[in-house]
Amino acid sequence: MIRFSNDPTEAERQMQAVIFCLVAFAYIDANFSRSEKDFIAGHIRKLVVARLEQHGQTGVGEDVVARLAQHYGEILEHYERDILSHFTESVCGEETSEQFVLLKLKLGCFELFRTFDQEGRAALLQTVDELMHADGVVHPNEQAFRDEVMTLVDREIELDEAEVEPVASGSILFDEVRQLVPRVDDHPFLRSSEWDYASDKDTFALQCQGDLDLVREVMERLDTQRAEGKDKLAGARDFAAFAGGPSFLDGHVYVVPPKPDHELLVIGDLHGCYSCLKAALLQADFFGKLEAHKEDPQKNPPIDLVLLGDYIDRGRFSYAGVLRTAMQLKIHAPEHVHMLRGNHEYYVEIHGRVVAPVRPCEAMDALKPVAADGVFGAYMRLFDALPNSLVFDRTFFVHGGLPREATLAERWQGIHSLNDPAIRFEMLWSDPAKAEVIPHELQKDVARFPFGSKQFQSFLGRIGCRTLVRGHERVIEGFRKIYDEPEGTLLSLFSAGGSTNADLPERSNYREVTPMALTVRFKGGVTQFAPFAIDFARYNDPRYNNFFGTKLAS
């Protein structure tokens, strides 16, 4: 039996760690059996009694034991729901949801086992072994999983300290979550484009031509920007070399050196939630601030829009809503709107047909009955052209996260390597983990791989940044500090969601999310991050969103 800490907070963490590991191992054979559930429930009760006795609380009433057992039973149910939610996450190519879930379980057990001392690990492992025998047979997958996790746990894993460079200093401040009220309820720039596609092929063919023209125009703008910024990253040690200079796009990397007073509006994953996009733009008064700066740049600071990708899939308004509007914004203010690529903006051509390796792919599936393959080919080329990252002072924006450690070791030569195709692809997919360093074995097998806090700090040191803002991950609160250390801060932003958001299917787990957007203000050498809640409900109203009113023809 595990020896619990005398510190109540640490003892609670130990209890929850045991419960997670037991639930994780129970799922390895893809069948959380009744006998395994009974074993875990009984073991939780034993742990409760042992913990009370270890802390000198002998002879407590049955009601106390029952109440604590119920509390930990609820935690068990939370972990089970969390594991099941992993089956809804996107996977890539030939990967399966089961492979991704297995990685998440392996990562979770690895992280938790590493927090115990040798005695604690042995006790936890003994409990796991008992669970594996609870249904009368040890499944080969369970044994292999156990052995692999313990091999990783017992190995000394170190990051090459020679690669970790000091992160550039910089003052940053964080505001509490704000509730912003739009200055105006609607804007003609948005209103005029709020119409959905027809369901017959002939009408759709006419309607989509306008959107294909937008695709062409956006790509032309990007080509022009790339030609002007070509090879500017070559030879620069880090992004500090461009301080005070003009903005540029080199390959797939935007560099936006801030003016003395400069604001960004940052929007994370939208996934077809047009109401969230419209709300964020109007709540932040993007159009008003943009126009004021154009009219009098001396009195009004510039504002830029940074979109972190994943415009499509999941929600109802992918191509016709979110992506169409993003493209129009890029054309309207090309120097102030920065569209980044997400992992869902990934189509490939196989045997003459364009397919979406990222599954599920609701946006493509919805248009397949009416769209010719050439439509998807145009979007494929657009997605390939979208930049991957943006740097603003010492803040780095990207959809996912870091490249694999092995890829960095093999391909990194300097900040211009951010344009390397393998590095760009991996940065669309990765997620942060709790561990300091993630071993190669947990990074190599799936597209959506984890990275650790020390690896994150090392990467920031390579590029001379202090903060990384990313999307990609469904964080329930919409905005979360993942790592917050002197060596670097990692922020996750998710802008799709809403419990009653009609942009999303009723059963979508994105409805669990409180969608957030973020303003970033650079002034006087200080960068201030201010998240705000997206008022999606206002723009589910047909008075302010024509997608919910009479559908307009193009």
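Residues numbered from 1 in each chain as written. Predicted model: local features only at pLDDT ≥ 70, side-chain atom pairs only at ≥ 80, totals over all residues. Heavy atoms only, no water.

Description of the sheet that holds strand S6 (residues 303-307)
Whenever strands of a sheet pair, they do so through backbone hydrogen bonds, lying parallel or antiparallel.
Here's step 1: With mixed pairing, six strands are arranged side by side in an open sheet as S2-S19-S18-S5-S6-S7. In this open sheet, the two strands that pair with only one neighbour each are strand S2 (171-174) and strand S7 (337-339). Averaged over all pairs of adjacent strands, the angle between strand axes in this sheet comes to 20°, irrespective of strand direction.
Here's step 2: Where strand S18 (residues 516-523) lies against strand S19 (residues 526-533), eight bridges are found, and the strand directions are antiparallel. Directly across from Arg-521, in S19, lies its bridge partner Gln-528.
Here's step 3: Sheet strands in contact with helix H9 (residues 274-283) are strand S5 (261-267), S6, S18 and S19, and its direction is about 165° off that of S5.
Here's step 4: Lying on the sheet, helix H11 (residues 318-332) is in contact with S6 and S7; it crosses S7 at an angle near 135°. (Pairing = 2+ DSSP bridges. Helix = DSSP H or I, 4+ residues; strand = E, 2+ residues; numbered from the N terminus. Axes fitted to C-alpha atoms, helices over the stretch in contact; angles between N-to-C directions. Contact = heavy atoms within 4.5 Å.)

A closer look at the sheet that holds strand S16 (residues 479-485)
Here's step 1: Strand order in this open sheet of seven strands is S3-S4-S11-S12-S15-S17-S16, and the pairing throughout is mixed. Strands with a single pairing partner mark the edges of an open sheet, and in this sheet they are strand S3 (248-250) and S16. Across the sheet, the axes of successive neighbouring strands diverge by a mean angle of 20°, strand direction being ignored.
Here's step 2: Of the strand pairs in this sheet, strand S12 (residues 395-398) and strand S15 (residues 467-470) are connected by three bridges, and their pairing is parallel. Each bridged residue has a counterpart across the sheet, and for Thr-395 the counterpart in S15 is Thr-467.
Here's step 3: Across the sheet, helix H8 (residues 201-229) lies against S3 and strand S4 (253-255), angled at about 85° from S3, the strand it touches most.

Notes on the nonpolar core
Here's step 1: One finds Val-266, Phe-286, Tyr-319, Tyr-347, Tyr-379 and Phe-397 to be the most contacted residues of the largest nonpolar core, which totals 95 residues.
Here's step 2: With residues up to four places along the chain from it excluded, the contact list for Tyr-347 reads Ile-312, Tyr-319, Val-354, Val-355, Ala-356, Pro-357, Met-364, Phe-376, Tyr-379, Met-380 and Phe-383.
Here's step 3: Leu-131, Met-132, Val-153 and Val-446 belong to the second largest nonpolar core, which has 55 residues in total. (Core = buried A, V, L, I, M, F, W, Y, C linked by side-chain atoms within 4.5 Å. Buried < 20%, exposed > 50% of the residue type's maximum accessible area, 1.4 Å probe, protein only.)

Some details on unusual backbone geometry
Here's step 1: That bond from Arg-359 to Pro-360 is cis: its omega, 0°, falls within 30 degrees of zero.
Here's step 2: For Pro-360, the position within the fold is in the loop between strand S10 (358-359) and helix H12 (362-367).
Here's step 3: The phi angle at Asp-310 is positive, at roughly 60°, despite the residue not being glycine.
Here's step 4: The topology assignment puts Asp-310 in the loop between S6 and H11.
Here's step 5: Classification of Asp-310 by relative accessible area gives buried; the value is 1%.
Here's step 6: The residue Asp-393 is not glycine, and still its phi comes out positive at about 55°.
Here's step 7: Tracing the sequence through the fold places Asp-393 in the loop between strand S11 (389-392) and S12.
Here's step 8: The exposure class assigned to Asp-393 is partly exposed, which follows from its relative accessible area of 24%.

Remarks on the environment of Ala-333
Here's step 1: Mapped onto the fold, Ala-333 is located in the loop between H11 and S7.
Here's step 2: By relative accessible area, Ala-333 is classed as buried at 3%.
Here's step 3: Separated by 22 residues in sequence, Ala-333 and Val-355 place their C-alpha atoms 31 Å apart.
Here's step 4: With sequence-adjacent residues up to four places away left out, Ala-333 is seen in contact with Leu-290 and Lys-294.

Notes on the packing of helix H2 (residues 34-54) against helix H5 (residues 118-132)
Here's step 1: In the contact formed by H2 and H5, the axes pass within 9 Å of each other and the chain directions differ by 145°. Between H2 and H5 the crossing geometry is right-handed. For the pair H2 and H5, contact is made by Glu-36, Phe-39, Ile-40 and His-43 and by Thr-127, Glu-130 and Leu-131, respectively.
Here's step 2: Its residues assigned to classes, the contact of H2 with H5 comprises three nonpolar, two polar and two charged. (Left-handed = near helix turned anticlockwise from the far one by under 90°. Nonpolar A, V, L, I, M, F, W, Y, C, P; charged D, E, K, R; others polar.)

A few points about the packing of aromatic side chains
Here's step 1: Evaluation of the coordinates by the stated rule reveals 23 aromatic pairs.
Here's step 2: Taking 5.4 Å as the distance between ring centres and 45° as the angle between the ring planes, the aromatic pair formed by Phe-189 and Phe-287 counts as tilted. Of the two residues, Phe-189 is situated in helix H7 (residues 188-191) and Phe-287 in helix H10 (residues 286-295); the sequence distance between them amounts to 98 residues. When sorted by exposure, Phe-189 lands in the same class as Phe-287, which is buried. (Phe/Tyr/Trp six-rings, centres within 6.5 Å; stacked < 30°, edge-to-face > 60°.)

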